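Observations on the model geometry
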Amino acid sequence: AWLLAKKMGADETVAPLLGALFCVFPYREVNFFMRGALPEGLAIGLIPVCFYGFYGIFGKEKPKASSFVCLVVGMSSLVLTHPFTAMMTALALGIFFLFSLPRTFRRFRDWRFDVMLISSVVLVVGLVGFYVFPMLSAMKSGCRSDVDDKRLHEKQDNLVLSVVFRWDNRPARPDILL
């Protein structure tokens, strides 16, 4: 977050302050320490990495290979840790891309930019493919375990067994089941 703020033009005294504030952002702290939502907390920490790479590619300066690597690693890690946060980040990056269209069209004339951009997309798809493609295939097949009758009865039987045999292995009161 500090590097992102510095790259976007923040003052030398403001950039470290913004980085420190991001580290102790209340929603992130609640995710880690109260909700136990570690993937979401980690994903929130990866958002500045994605924006740092994206700003390095589509910002005011000439793009470098390190910006592409930063974006690939950030987006791949984001998809693997918390896909919903990755979708929201991709939406925000898309809006940022729309605002930077005039500069982007000039950059598409350079064949190195095109090669690096295409290879970045291929790398992200390749790095998250083992996770995303089976999930999409299962969603497309229509076989959902939460509405399958056989599995539903298995879940009910497991619920009854969890009431009868508690975690401390003592049988529960039999009148609970009535």
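All figures in this text were calculated on a predicted structure; none of them were measured in a lab.

1. Considerations on the overall build of the chain
What the chain contains, in helices and strands, is nine helices and zero strands. In the chain, which comprises 178 residues, the proportion classed as buried is 27%. In the chain, of all internal contacts separated by at least 6 residues, the share reaching a separation of at least 24 is 52%.

2. Quick look at the confidence of the model for the chain
Considering every residue of the chain, the mean pLDDT works out to 75; 73% of them sit at 70 or more. The least confident element of the chain is helix H9 (residues 149-164), whose mean pLDDT is 50; the most confident is helix H5 (residues 65-81), at 90.

3. Some points on a nonpolar patch on the surface
Nonpolar side chains collect at one region of the surface, where Leu-80, Val-121, Val-125, Phe-130, Tyr-131, Phe-133, Met-135, Leu-136 and Met-139 lie side by side and expose about 880 Å² of accessible area between them. The element contributing the most residues to the nonpolar patch is helix H8 (residues 111-141), with eight residues. With respect to the helices and strands, the residue Val-121 is situated in helix H8.

4. Considerations on the packing of helix H4 (residues 38-58) against helix H6 (residues 83-99)
Interhelical geometry of H4 versus H6 gives an angle of 20 degrees and a closest axis separation of 10 Å. Taken together, the axes of H4 and H6 lie roughly parallel to each other. Note on packing geometry: the crossing formed by H4 with H6 is right-handed. Where H4 abuts H6, its residues Glu-40, Ala-43, Ile-47, Cys-50, Phe-51, Phe-54, Tyr-55 and Phe-58 lie against Thr-85, Thr-89, Ala-92, Leu-93, Phe-96 and Phe-97. Counted by class, the contact of H4 with H6 contains eleven nonpolar, two polar and one charged residues.

5. Quick look at H6
Helix length check: H6 (17 residues) gives 24 Å between terminal C-alpha atoms against 24 Å at 1.5 Å per residue, within 8%. Restricting attention to buried positions, one finds in H6 the residues Thr-85, Ala-86, Thr-89 and Leu-93. Viewed end-on, H6 has its buried residues packed into an arc of 95 degrees, placing them on one side of the element. Exposed and facing more than 90 degrees away from the buried side of H6 are Met-87, Leu-91 and Leu-98. Buried-residue contacts for H6 involve H4 and H5.

6. Considerations on the environment of Arg-112
By the element assignment, Arg-112 lies in helix H8. The exposure class assigned to Arg-112 is partly exposed, which follows from its relative accessible area of 45%.

7. Some words on the packing of aromatic side chains
Counting across every chain of the model gives six aromatic pairs. With a centroid separation of 6.0 Å and an interplanar angle of 85 degrees, the aromatic rings of Phe-58 and Phe-113 are classed as edge-to-face. One end of the pair, Phe-58, is in helix H4; the other, Phe-113, is in helix H8, with 55 residues separating them in the sequence. Like Phe-58, the residue Phe-113 is buried in the burial classification. An angle of 65 degrees between the planes, with centres 6.0 Å apart, marks the rings of Phe-68 and Phe-113 as edge-to-face. Of the two residues, Phe-68 sits in helix H5 while Phe-113 sits in helix H8, which places them 45 residues apart along the sequence. With relative accessibility at 4%, the residue Phe-68 sits in the buried group.

What counts as what
Residues numbered from 1 in each chain as written. Predicted model: local features only at pLDDT ≥ 70, side-chain atom pairs only at ≥ 80, totals over all residues. Heavy atoms only, no water. Helix = DSSP H or I, 4+ residues; strand = E, 2+ residues; numbered from the N terminus. Buried < 20%, exposed > 50% of the residue type's maximum accessible area, 1.4 Å probe, protein only. Contact = heavy atoms within 4.5 Å. pLDDT = per-residue confidence, 0-100. Patch = residues over 30% accessible without salt bridge, like charges linked within 9 Å, V, L, I, M, F, W, Y side chains within 5 Å. Areas by Shrake-Rupley, 256 points an atom, 1.4 Å probe, with all protein chains shown as cover. Salt bridge = Lys/Arg side-chain N within 4 Å of Asp/Glu carboxyl O. Axes fitted to C-alpha atoms, helices over the stretch in contact; angles between N-to-C directions. Parallel < 35°, antiparallel > 145°, perpendicular 65-115°, else oblique. Left-handed = near helix turned anticlockwise from the far one by under 90°. Nonpolar A, V, L, I, M, F, W, Y, C, P; charged D, E, K, R; others polar. Expected span 1.5 Å × (residues − 1). Arc of directions from axis to C-beta. Phe/Tyr/Trp six-rings, centres within 6.5 Å; stacked < 30°, edge-to-face > 60°.

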